[in-house]
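# Chain and residue survey
Take a look at the letters that make up each chain.
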Amino acid sequence: MSTGSGIAVEDVAVHAFTVPTDGPDGAEEDGTLRWESTTMVLVEAKAGGRTGIGYTYGGLAVATLIESKLASLVEGADALAPAAAWHAMFAAIRNEGRPGVGSMAVSAVDIALWDLKARLLDRPLFQVLPSFHDRVPVYGSGGFTNYPLDRLAGQLAGWIEQGIPRVKLKISRSPDDDPRRLTAVREAIGPGPDLFVDSNGALTRKEALYWARRLADEWDVRWFEEPVSSDDTEGLRLVREHGPGRLEVAAGEYGFVLKDFADLLDGPSVDCLQADVTRCGGITGLLQVAGLSAARQIGLSAHCAPAVSAHAFCAVERLRHLEYFHDHVRFEQLVFDGTLGPEGGALRPAADRPGLGLDVRWPDADRYRVHGPS
């Protein structure tokens with residue numbers, strides 16, 4: 001691949017780290033999944049005496065794909081042209097499969113290349129991107145279904161105390177338990193803050209409609225995320241069109257390629273679209289999704305990975321907010337210097353740190369290493 005700028009990517013290294021959860025009995029649960037750890041696949045891209053980092057949250061298959069198909073392709077590429085490398089990477093994984101692991105692998109490398117470019121230019125990443133904003137509003141997210149009531153209410157109330165005006169809990173694993181959980185949370189946070197819920201696709205269409213009405217009427221819930229599977233775009237549209245007017249339906253965190261987002265906007269099936277920069281093709285892919293949301297005049301919300309999303313979503317014109325997710329906040333604070341905390345309910349990228357503003361604390365990260373050279 002040619003290097004029009006004269007600065008070529010010299011080396012790509014891949015690492016992976018697994019951090020146990022801090023949930024009850026070492027596990028966390030939502031409507032459809034139980035997990036005991038979170039794995040980050042981290043990429044380093046080097047050029048011109050600088051190192052860019054990017055990452056995604058996924059299994060070791062992501063690391064293997066980067067090493068086997070993408071690293072050698074990117075080495076020698078123009079370090080100031082991430083989009084050109086992005087196009088070549090997606091072309092190279094055609095037979096491996098672009099959605100899922102393929103898109104996550106490209107995302108991690110693409111983010112590293114954008115971080116590298118910003119560091120070479122000695123600018124913070126959000127200033128290198130075509131940004132509309134210098135801050136990203138957040139909502140506190142966690143509230144796992146296996147939390148006892150005191151931890152559930154305390155976690156969400158804690159975000160309100162930090163100045164975050166909107167919070168989310170997981171529901172629908174055991175629907176009979178949800179009324180007392182929702183009541184405990186609403187009593188803990190008070191009547192003012194926005195209350196969001198996430199079913200993670202656990203409900204049928206009929207169940208989702210029933211709960212949409214109860215959620216709005218009894219607890220003033222304003223955001224219903226994945227009431228049915230995000231693959232069921234007709235079901236999402238049904239809940240959106242026939243649910244209460246003030247209750248927004250959201251989905252998109254499992255969008256990998258551009259058509260996934262176009263399908264959700266057909267109808268549309270959502271009131272607010274979501275995208276995960278570490279899944280949807282990285283920053284280059286996110287910019288394309290942002291164009292779709294602008295064209296359809298539908299807001300776009302960031303799914304997790306706050307250290308990257310705080311920069312990337314400054315370039316989203318119809319930005320809504322960012323999911324300040326407990327597991328990812330905790331993980332990133334364990335392994336990085338330079339993470340951001342909420343100020344006035346938003347994350348504000350540092351204007352005096354190049355790139356993402358992150359530095360890996362290798363001695364701390366190595367405690368959790370499961371792949372790559374120490």
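Computed from a predicted structure; not experimentally measured. (Residues numbered from 1 in each chain as written. Predicted model: local features only at pLDDT ≥ 70, side-chain atom pairs only at ≥ 80, totals over all residues. Heavy atoms only, no water.)

### So, the packing of aromatic side chains
Put simply, the test is: We call Phe, Tyr and Trp rings a pair once their centres come within 6.5 Å, taking the six-membered ring for Trp, and we label the pair stacked below 30 degrees between planes, edge-to-face above 60, and tilted otherwise. For helices the rule is a DSSP run of H or I covering at least 4 residues; for strands it is a run of E covering at least 2, with both sets numbered from the N terminus onward. Residue exposure (1.4 Å probe, protein chains only): buried if accessible area is under 20% of the type maximum, exposed if over 50%, otherwise partly exposed.
Counted under the stated rule, the structure contains twelve aromatic pairs. Ring centres 5.6 Å apart and planes at 40 degrees place the aromatic pair Y55 and F336 in the tilted group. In this pair, Y55 is assigned in strand 5 (residues 50-57) and F336 in strand 14 (residues 336-337), connecting sequence segments 281 residues apart. Summarising the aromatic geometry, the rings of F144 and F325 are spaced 5.9 Å apart at their centres and angled 80 degrees between planes, so their arrangement reads as edge-to-face. You can see F144 sitting in the loop between strand 6 (136-142) and helix 5 (149-161) and its partner F325 sitting in strand 13 (residues 319-325), a full 181 residues away along the chain. Accessibility assignment for this pair places F144 and F325 in one class, buried. An aromatic cluster of three or more residues is present, and its members are W35, F144, Y147 and F325.

### Let's talk about the domain arrangement of the protein
To be explicit about the condition: Bear in mind that the domain bounds are from an automatic or database domain assignment. Residue contacts are counted whenever heavy atoms from the two residues lie within 4.5 Å of one another. Computed with a 1.4 Å rolling probe, the buried area is the accessible surface lost when two parts are put together, summed over both parts. The rule for a salt bridge is simple: a side-chain nitrogen of Lys or Arg has to be within 4 Å of a carboxyl oxygen of Asp or Glu. Under the rule applied, a polar contact is a pair of N or O atoms within 3.5 Å (in protein, one hydrogen donor and one hydrogen acceptor; residues adjacent in sequence only if both atoms are side-chain atoms).
We note that the domain assignment places domain 1 (8-122 + 364-371) and domain 2 (127-360) within the protein. Contacts between the two partners involve 46 residues from domain 1, matched on the other side by 47 residues from domain 2. Summed over both sides, the interface of domain 1 with domain 2 buries roughly 3,800 Å², with 63% coming from carbon and sulfur. Contact with domain 2 buries area across many residues of domain 1, yet E29, Y55 and Y57 alone supply 16% of it, more than any other trio. In this structure, the connection of domain 1 to domain 2 is made through three salt bridges. Across the salt bridge formed by D22 and R151, the nearest N and O atoms sit 3.5 Å from each other. Inspection of the domain 1/domain 2 interface yields 27 residue pairs in polar contact (both at pLDDT 80 or more). When residues of the side of domain 1 that touches domain 2 are traced back to their parent elements, those giving at least two are strand 1 (11-20), strand 2 (28-29), strand 3 (34-35), strand 4 (37-47), strand 5, helix 2 (82-92), helix 3 (101-120) and helix 13 (362-366).

### Points about the sheet that holds strand 5
So the rule is basically this: Here a strand pair is declared whenever DSSP counts at least two bridges between the two strands. Only the stretch in contact is used when a helix axis is fitted, and all axes are lines through C-alpha atoms; the angle between N-to-C directions ranges over 0 to 180 degrees.
Pairing is antiparallel in the open sheet, where four strands are placed in the order 5-4-1-17. Two strands in the sheet have a free side with no partner beyond their single neighbour: strand 5 and strand 17 (369-371). With direction set aside, neighbouring strand axes in the sheet form an average angle of 30 degrees. With ten bridges connecting them, strand 1 and strand 4 associate as antiparallel partners. Pairing of T18 across the sheet is with T39, part of strand 4. Lying over the sheet, helix 1 (residues 60-74) contacts strand 1, strand 4, strand 5 and strand 17, oriented at roughly 170 degrees with respect to strand 1. Strands strand 4 and strand 5 of the sheet are contacted by helix 3, whose axis makes an angle of about 150 degrees with strand 5.

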